[in-house]
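Here's the letter readout for the chains.
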Amino acid sequence: MAKDEVSAATEKQASAPGAQAPSVPGQPGHKVTEPGRVSFFTRIALSPRLHEIFERTPLFNRVTRREGRALFDVVAGFVHSQALLAIVEFRILHILAEASWPLPALADRTGLAENRLAVLMQAGAALKLVKFRRGMWELAPRGAAFITVPGLEAMVRHHPVLYRDLADPVAFLKGDIEPELAGFWPYVFGPLAQEDAGLAERYSQLMADSQRIVADDTLRLVDLKNAKRLMDVGGGTGTFLRQAAKLHPNLDLTLFDLPHVLAVAEPFSPRLTLAPGSFRDDPIPTGADVISLVRVLYDHPDNVVEPLLKKVHDALPPGGRIVVSEAIGGGAKPDPACDIYFAFYTMAMSSGRTRNPEEIKKMLEAAGFVKVTKPRSLRPFITSVIEAERG
Ligand SMILES: C[S@@+](CC[C@H](N)C(=O)[O-])C[C@H]1O[C@@H](n2cnc3c(N)ncnc32)[C@H](O)[C@@H]1O
């Protein structure tokens, strides 16, 4: 998305003849009274007769076959994920990272029957994680990347919690079940987890690992050259600030988070000030000319985010900047990572929700911010950034 796309979309909407107060299309509160027409191409796709004709017509059949393939991937996505989870749990990628193996040796190492392992390996090859060459199973570059990207494997290993919540998606969406994920993170980081040190360690590491990648992408999108003090609100144990300090050694830093989180934060620089507090109950300290919120807003409902943005606004000097970095929905250009994965994930967590650029822009403006911009995301499945200025 181009830098000013958020602004451009809203201006267009507001200046259209007869336009009403801007609301976000497709989101709650957007008033649509009339049914719309089913589009021409959709009507074609609704006709079984045209399917047959297209399938027999050269060139057209390429399109329908490609669409059919994409549709089947959507249908089969859960099975793909579960095949990946099995590959992870049998540590197949790690075994193949040491050496290639023929099937019988791999069966010995995994304890799986050869005929079942053969099915799993073939599935792994279809996912391009492994490949079969000269009688041996070997690691493919995608499989190597999978075990190398920090946090990815741990993410897959915690998916059974999410998938149990999604086992009945109808009940899930109706709100008829109490999602397990809603208690998962509080459990991992809460006092109960002390009995399960391995679990706490594994998932704290997952947060820390993924935070590093999110921090790096955010810092590539945000210009902190002229910033004097950066305050990271909800900054956890400080990974984002640590990475920012590496790029900008003269930057003063403030880490704001709950007292029990800051109690385990390492004071890695004399330029770092720890500011314990709750953004729900306490004011946000002043003194920073840039305030970042990395993976914070989507954890919270609107009635927490709106006052939080107002507090951030009031803590900044005129011209000071807010940086929001998290999975942001694609809005008019839906993105599977944000609009499926993170949207369902945050719904299962039951505390917040993913928002699209228009929604975040509206919330920022309501808090008093101006010049809302969205740099083009490097990897929307890692993070996207929205910046604004205190008016
Ligand atoms: C999803 S984590 C994100 C941490 C870090 N920014 C990152 O990207 O990994 C959300 C953070 O918000 C903090 N947080 C939650 N509620 C808070 C509150 N009321 N006041 C201050 N921090 C809060 C949590 O302690 C946690 O560190």
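Because the structure is a prediction, the values reported are computed rather than measured.

Caption draft 1: Representation of the site of the ligand in the model. Around the ligand there are 17 residues in total, and Gly234, Asp257, Phe279, Val294 and Arg295 lie nearest to it. Within the side chain of Gln211, an N or O atom sits 3.2 Å from an oxygen atom of the ligand. Phe279 is positioned with one of its backbone polar atoms (N or O) 2.9 Å from a nitrogen atom of the ligand. Coverage of the ligand by the protein amounts to 86% of the 580 Å² it exposes when considered alone.

Caption draft 2: Examining the side chain of Thr254 more closely. Along the polypeptide, Thr254 turns up in strand β4 (residues 252–257). For Thr254, a relative accessible area of 7% gives the class buried. Of note is the side chain of Thr254, whose polar atom sits 2.9 Å from the side chain of Arg229.

Caption draft 3: Seen up close, the packing of helix α6 (residues 103–110) against helix α7 (residues 114–126). Two elements in contact, α6 and α7, have axes whose closest approach is 10 Å; the angle formed by their N-to-C orientations is 100°. Relative to α7, the element α6 is oriented roughly perpendicular. Where α6 approaches α7, its residues Leu103, Pro104, Leu106, Ala107 and Thr110 are matched on the opposing element by Glu114, Leu117, Ala118 and Met121. Counted by class, the contact of α6 with α7 contains 7 nonpolar, 1 polar and 1 charged residues.

Caption draft 4: Representation of the domain arrangement of the protein in the model. Here the protein is described as being made up of domain 1 (47–148) and domain 2 (201–390). For domain 1 versus domain 2, the separation of C-alpha centres amounts to 37 Å.

Caption draft 5: Just the nonpolar core, in detail. Leu293 and Ile322 are the most contacted members of the largest nonpolar core, which has 29 residues in total. No other element matches the 6 residues that helix α16 (residues 302–315) contributes to this core. Sequence-distant contacts of Leu293, that is, excluding residues within four places in its chain, are made with Asp232, Val233, Leu308, Leu309, Val312, Ile322, Val323, Val324 and Ser325. Counting residues in each nonpolar core, the second largest holds 24 residues, with Leu221, Leu230, Ala244 and Ala265 among its members.

Calculation notes
In every chain, residue numbers begin from 1 and rise along the written sequence. Restriction of local features to residues with pLDDT of at least 70 applies here, the model being predicted, together with a cutoff of 80 or more for giving and counting side-chain atom pairs; totals for whole chains, interfaces and linings are based on all residues. Side-chain numbers here rest on the full set of heavy atoms in the structure, without hydrogens or water. Note on terminology: near, applied to a residue and a molecule or strand, indicates that one of the residue's heavy atoms is within 4 Å of it. Side-chain atoms alone can form a polar contact between residues adjacent in sequence; in general such a contact is a pair of N or O atoms within 3.5 Å, and within protein one must be able to donate a hydrogen while the other accepts it. Each accessible area value is a Shrake-Rupley result obtained with a 1.4 Å probe; residue values ignore everything except the protein chains displayed when judging cover. Helix and strand definitions follow DSSP, with helices as H or I runs of at least four residues and strands as E runs of at least two, each counted in order from the N terminus. When accessible area is computed with a 1.4 Å probe and restricted to protein chains, residues below 20% of their type maximum are described as buried, those above 50% as exposed, and intermediate ones as partly exposed. The angle between two axes is taken between their N-to-C directions and runs from 0 to 180 degrees, where each axis is a line fitted to C-alpha atoms and a helix contributes only its stretch in contact. Should an angle fall under 35 degrees it is taken as roughly parallel, and over 145 as roughly antiparallel, whereas 65 to 115 is taken as roughly perpendicular and any remaining angle as oblique. Any pair of residues with heavy atoms lying within 4.5 Å of one another is described as a contacting pair. Residues are grouped as follows: Ala, Val, Leu, Ile, Met, Phe, Trp, Tyr, Cys and Pro are nonpolar; Asp, Glu, Lys and Arg are charged; every other residue, Gly included, is polar. The domain limits used here are those given by an automatic or database domain assignment. Among buried residues, those of type Ala, Val, Leu, Ile, Met, Phe, Trp, Tyr and Cys that are joined through side-chain atoms within 4.5 Å constitute a nonpolar core.

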